[in-house]
Amino acid sequence: MQWSNRWPIGPWEYVDRLRLRRAALRYAAHGWAVTPGAYLAGHRFACGRAGCPIMGCHPAIESWEEDSSTDPARVARWWHRRPYTVLLATGWKFDVLEVPAAVGLRVLGAVRLHTGVLGPASGDARGPVVVTPSGRWMFLVRPGAEVRPELGSCLDVLRHGRGSWIPAAPSRTPQGPVRWAVSPEQTGWQLPESAVVQTMLLDALEVLGRRPQPPAAVIVPRQMSTARRAA
């Protein structure tokens, strides 16, 4: 089996597309809306839209938010010819709290200790966690809760809600594949409350000596928009 960060060699192009389509259909079957993302071509992403200047990961269709879907027939058509990156639309079935790797590792350890010692009765913090090869950890949580002001003031902590998306395994980037540190199957496709995970994020930042202070003014929780990603 021969792989590269650029493109599967020979028949593996076909295998790669099937793997991505199978994953997209699995997410859709559990009610997670998916949309095709630009596919890796060399060291940049290509979406097939004429004149598109975006070189990084981005949706392959302009109206991605309106067209994201859980319909299996539509999802299968999207991955019929191209090995598109699998993108999950956030803010509907789940929000995502995105943090640096050092924070993510500590929080994941705390989640396991929290559940094993205190038990789920104290607030189950277990949930799916995506890891990107660039070192970003993404905790999937129940949607709708705003980010606490202390976290809102952290430039490297992001909340993905309505109007945003994240890449999902087994999508690939020039640095390597996106993977699950904790897969949805491991948690029975269940999601924790955002407030529980946010408390653990603040605790991790404090241990790392980076816990922020609440800002004097109210800060609107930030979401990483498509335009901001492309910048």
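Residues numbered from 1 in each chain as written. Predicted model: local features only at pLDDT ≥ 70, side-chain atom pairs only at ≥ 80, totals over all residues. Heavy atoms only, no water.

Digging into the overall build of the protein chain
And step 1. Summing up its helical and strand segments, the protein chain has seven helices and twelve strands in all.
And step 2. Residue burial in the protein chain is summarised as follows: out of 231 residues, 48% are buried.
And step 3. Within the protein chain, contacts between residues separated by at least 24 positions form 78% of all contacts whose residues are at least 6 apart in sequence.
And step 4. When the accessible surface of the protein chain is split by element, carbon and sulfur atoms take 55% of a total near 11,200 Å². (Helix = DSSP H or I, 4+ residues; strand = E, 2+ residues; numbered from the N terminus. Buried < 20%, exposed > 50% of the residue type's maximum accessible area, 1.4 Å probe, protein only. Contact = heavy atoms within 4.5 Å. Areas by Shrake-Rupley, 256 points an atom, 1.4 Å probe, with all protein chains shown as cover.)

Some remarks on the confidence of the model for the protein chain
And step 1. This prediction gives the protein chain a mean pLDDT of 85; 81% of its residues lie at or above 70.
And step 2. Below pLDDT 50 for its whole length, residues 1–10 participates in 29 contacts with residues either more than four positions away or in separate chains.
And step 3. Residue range residues 216–228 is modelled with pLDDT below 50. Its contacts to residues more than four positions away, or to other chains, number 27 contacts. (pLDDT = per-residue confidence, 0-100.)

Re the sheet that holds strand 9 (residues 165–167)
And step 1. On the basis of which strands lie adjacent, the open sheet formed by three strands has the order 1-4-9 and antiparallel pairing. One side of each edge strand has no neighbouring strand; the edge strands of this open sheet are strand 1 (34–37) and strand 9. Between one strand and the next, the sheet's axes are offset by a mean angle of 35°, whatever the strand orientation.
And step 2. Bridge analysis of strand 4 (residues 85–89) against strand 9 gives three bridges, and the strand direction is antiparallel. The partner of Leu88 across the bridge, within strand 9, is Ile166. (Pairing = 2+ DSSP bridges. Axes fitted to C-alpha atoms, helices over the stretch in contact; angles between N-to-C directions.)

Re the packing of aromatic side chains
And step 1. Applying the stated criterion across every chain, the model contains nine aromatic pairs.
And step 2. Ring centres of Tyr27 and Trp189 lie 6.4 Å apart, and the angle between their planes is 65°; this geometry places the pair in the edge-to-face category. One end of the pair, Tyr27, is in helix 1 (residues 12–29); the other, Trp189, is in the loop between strand 12 (179–182) and helix 6 (194–207), and 162 residues separate them in sequence. We note that Tyr27, like Trp189, is buried.
And step 3. Site record: aromatic cluster; members linked through ring pairs are Tyr27, Trp32, Phe94, Trp180 and Trp189.
And step 4. A cation over a ring is seen here: Arg26 above Tyr27, with NZ or CZ 5.2 Å from the ring centre.
And step 5. A cation over a ring is seen here: Arg162 above Trp92, with NZ or CZ 3.5 Å from the ring centre. (Phe/Tyr/Trp six-rings, centres within 6.5 Å; stacked < 30°, edge-to-face > 60°. Lys NZ or Arg CZ within 6 Å of the ring centre and 35° of its normal.)

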